[in-house]
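Structural description and commentary
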Amino acid sequence: MRMMPFLTLLTHDIYYSHCEAFAWSHQKKVYNACWGTILPLVTAVIHIAFAFKVITKMLVVLNLTNVQLYAGCTAVTILVFAVFYVIVYSLTARAYYRIVS
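Note that the structure is predicted; figures quoted are calculated from it, not measured. (Residues numbered from 1 in each chain as written. Predicted model: local features only at pLDDT ≥ 70, side-chain atom pairs only at ≥ 80, totals over all residues. Heavy atoms only, no water.)

Examining the overall build of the protein
Helix and strand content of the protein: three helices and zero strands. Sequence-ordered secondary structure for the protein, helices as α and strands as β, is α-α-α. Expressed as a percentage of its 101 residues, the buried residues of the protein come to 8%. A sequence separation of at least 24 residues applies to 73% of the contacts in the protein between residues at least 6 apart. (Helix = DSSP H or I, 4+ residues; strand = E, 2+ residues; numbered from the N terminus. Buried < 20%, exposed > 50% of the residue type's maximum accessible area, 1.4 Å probe, protein only. Contact = heavy atoms within 4.5 Å.)

As structure tokens, then:
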């Protein structure tokens, strides 16, 4: 009779440690595969793409007619923003994994 609580406690610990490991691995996969992590970057690029023509017309009013220069600056800005976004995302994910694990 005295062994029963020990066995119950042992199986309880094994079961919950297995569940936590499964939950953590599943959570990490979901966090990495989630579109929500890249969606702000994609949304920003879509906004710039749709606003490109209007901004070009506004620049023509200001006598700035070099569209290739504006397109190049826009592309470089998107790349810099993407690099910054990836750096911040990786730091945030690393901190999140450290807290959760």
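A short note on the confidence of the model for the protein
Close inspection of predicted coordinates is inappropriate in any region flagged by low pLDDT. Here the protein averages 76 in pLDDT, and 64% of its residues register 70 or above. Mean pLDDT across the elements of the protein bottoms out in helix α1 (residues 3–33) (50) and peaks in helix α2 (residues 39–61) (93). This stretch, residues 1–22, has a pLDDT under 50; its non-local contacts, to residues over four places away or in other chains, come to zero contacts. (pLDDT = per-residue confidence, 0-100.)

Regarding the packing of aromatic side chains
Across all of its chains, the model carries three aromatic pairs by this definition. Ring geometry for Phe 52 and Tyr 70: centres 4.8 Å apart, planes at 25 degrees, overall stacked. Of the two residues, Phe 52 is situated in helix α2 and Tyr 70 in helix α3 (residues 67–100); the sequence distance between them amounts to 18 residues. (Phe/Tyr/Trp six-rings, centres within 6.5 Å; stacked < 30°, edge-to-face > 60°.)

So, a nonpolar patch on the surface
Together, Ile 38, Leu 39, Val 42, Ile 46 and Phe 50 give the surface a local cluster of nonpolar side chains, amounting to about 470 Å² of exposed area. Along the chain, Ile 38 turns up in the loop between α1 and α2. Overall, the relative accessible area of 38% leaves Ile 38 in the partly exposed class. (Patch = residues over 30% accessible without salt bridge, like charges linked within 9 Å, V, L, I, M, F, W, Y side chains within 5 Å. Areas by Shrake-Rupley, 256 points an atom, 1.4 Å probe, with all protein chains shown as cover. Salt bridge = Lys/Arg side-chain N within 4 Å of Asp/Glu carboxyl O.)

Points about the packing of α2 against α3
Taken N-terminus to C-terminus, the directions of α2 and α3 make an angle of 160 degrees; their axes are 11 Å apart at the nearest point. One element, α2, and the other, α3, form an angle in the roughly antiparallel class. Once α2 is placed against α3, the crossing between them reads as right-handed. Of α3, the residues touching α2 (which contributes Pro 40, Leu 41, Val 45, Ile 48, Phe 52, Ile 55, Thr 56 and Leu 59) are Val 67, Tyr 70, Ala 71, Thr 74, Ile 78, Phe 81, Ala 82 and Tyr 85. When grouped by side-chain class, the residues that make up the contact of α2 with α3 number 14 nonpolar, two polar and no charged. (Axes fitted to C-alpha atoms, helices over the stretch in contact; angles between N-to-C directions. Parallel < 35°, antiparallel > 145°, perpendicular 65-115°, else oblique. Left-handed = near helix turned anticlockwise from the far one by under 90°. Nonpolar A, V, L, I, M, F, W, Y, C, P; charged D, E, K, R; others polar.)

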